[in-house]
Amino acid sequence: GDETWTLDHTTGVGQGYITSMISYRGDLFASTMADGGSAALVLKRTAGTWSTTRTSPTTTPGYYNALTVFNNTLFVCYVDMGAGLLTLIDAYDGTTWSNDLNVGTTYAVRETGATITFGGSLYWAFCATAAGGTNGFILKRTTGGVWTQPLASANVRGYLGLVEVTA
């Protein structure tokens, strides 16, 4: 059958690169990348209206990415690619945003990869700084809010997969 596409929203100049989207509590969320001089955003679409729900702490080139829902909370990672070199995991409970983990301070600044939920925990990949690098890692968050690093010094570059083997 025929499909008709309709423009629903136009992002702002310098902050219009959509990096991830997810549905959370009936609303659509989108994260953006920003050029220098603009802030990266987390946008929220409620009942057909778009609004900004989170604004990056800097206006150097940076991005929010990897929107994911875990334990009834929405998470997103902000990466500042400028001089500030921040990497932050922020959490949203449906009402309030908060910083859940300063990855840059705790583990070292890295770009965010993908997430996966497995065995009741959230796993989040952080990329090695080069294609063959071994300084990537994976973080794990429990439902109790505890972050650990179950894998360090790895050539992690993006997506995490789950393979099920049956006999």
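Residue positions are given per chain, counting from 1 as you read along its sequence in written order. It should be noted that, the model being predicted, local features are given only for residues of pLDDT at least 70 and side-chain atom pairs only at 80 or more, the latter also being counted only at that level, while totals for whole chains, interfaces and linings use all residues. Values reported for side chains reflect all heavy atoms of the structure, with hydrogen atoms and water molecules removed beforehand.

Visitor: Got a sec to walk through the overall build of the chain? Specific residues and values, please.
Guide: The helix and strand tally for the chain stands at one helix and 12 strands. Helix and strand assignments follow DSSP, with helices taken as H or I runs no shorter than four residues and strands as E runs no shorter than two, numbered in order from the N terminus. Sequence-ordered secondary structure for the chain, helices as α and strands as β, is β-β-β-β-β-β-β-β-α-β-β-β-β. Only C-alpha atoms enter the radius of gyration, while the globule expectation follows 2.2 Å times N to the 0.38, with N the number of residues. Whereas a compact globule of 167 residues would reach a radius of gyration of roughly 15 Å, the chain reaches 17 Å, a difference of no more than 12%. Principal-axis analysis of the C-alpha atoms gives the chain an extent of 45 × 45 × 35 Å.

Visitor: Please give an account of the pairing of strand β11 (residues 136-141) that cites residues and values.
Guide: A large share of β11 lies buried, amounting to five of its six residues. Pairing between strands is defined by DSSP: at least two bridges between the two strands are required. Bridge analysis of strand β10 (residues 121-126) against β11 gives five bridges, and the strand direction is antiparallel. Each residue of the ladder has a partner; that of F126, found in β11, is F137. Note that β11 and strand β12 (residues 147-154) share four bridges and pair antiparallel. Paired with I138 across the strands is L151, a residue of β12. Turn length for the β11-β12 hairpin, with the two strands adjacent in sequence and antiparallel, is five residues, and the turn residue G145 shows positive phi of about 90 degrees. Think of it in three bands: with a 1.4 Å probe and only protein chains considered, a residue is buried below 20% of the maximum accessible area for its type, exposed above 50%, and partly exposed in between.

Visitor: Which residues make up the state of the cysteines, and what are the values?
Guide: By definition, a disulfide is the covalent link that joins the sulfur atoms of two cysteine residues. Note that a disulfide, as used here, is simply two cysteine sulfur atoms within 2.5 Å. Scanning the entire structure with this criterion turns up zero disulfides. Residue C77 stays outside any disulfide, its sulfur separated by 9.8 Å from that of C127, the closest cysteine.

Visitor: Run through the pairing of strand β8 (residues 97-102), naming residues and quoting values.
Guide: Bridge count for strand β7 (residues 87-92) against β8 is five bridges, and the pairing is antiparallel. The residue bridging D90 from the neighbouring strand is N99, located in β8.

Visitor: Could you give an account of the packing of aromatic side chains, naming the residues involved and the relevant values?
Guide: Side-chain rings of Phe, Tyr and Trp (the six-membered ring for Trp) are treated as a pair once their centres are within 6.5 Å; stacked means planes under 30 degrees apart, edge-to-face means over 60, and tilted covers the remaining angles. By the definition in use, this model includes nine aromatic pairs. An aromatic cluster is defined as three or more aromatic residues linked by ring pairs; in this entry it consists of Y107, W124, F126, F137 and W147.

Visitor: Would you mind going over the side chain of S20 in detail, with residue names and values included?
Guide: Among the structural elements, S20 can be located in strand β1 (residues 17-24). The buried category is assigned to S20, whose relative accessible area is 12%. Polar side-chain contacts of S20 include one of 2.6 Å to the side chain of S31. The definition of a polar contact used here is a pair of N or O atoms within 3.5 Å, where within protein one atom must be able to donate a hydrogen and the other to accept one, and adjacent residues in sequence count solely through side-chain atom pairs. At 3.2 Å, the side chain of S20 forms a polar contact with the backbone nitrogen of L67. When sequence neighbours within four positions are dropped, the list of residues in contact with S20 reads F29, A30, S31, N65, A66 and L67. We call two residues in contact when some of their heavy atoms are within 4.5 Å.

Visitor: Explain the sheet that holds β12 residue by residue, including any values.
Guide: Across the sheet, four strands lie side by side as β9-β10-β11-β12; this open sheet has antiparallel pairing. Where the open sheet ends on each side, the last strands, each with one partner, are β9 (112-118) and β12. Ignoring which end each strand starts from, the neighbouring axes of this sheet average 20 degrees apart. As paired strands, β9 and β10 are joined by five bridges and run antiparallel to one another. Considered in β10, the bridge of T115 is made with W124. Fitted lines through C-alpha atoms serve as axes, helices being fitted only where they are in contact, and the angles separating the N-to-C directions of these axes extend from 0 to 180 degrees.

Visitor: Before we move on, could you go through the environment of S38 and cite the residues and values that matter?
Guide: With respect to the helices, strands and loops of the structure, S38 is situated in the loop between β2 (27-34) and β3 (41-46). Separated by 30 residues in the primary sequence, S38 and T68 place their C-alpha atoms 24 Å from one another.

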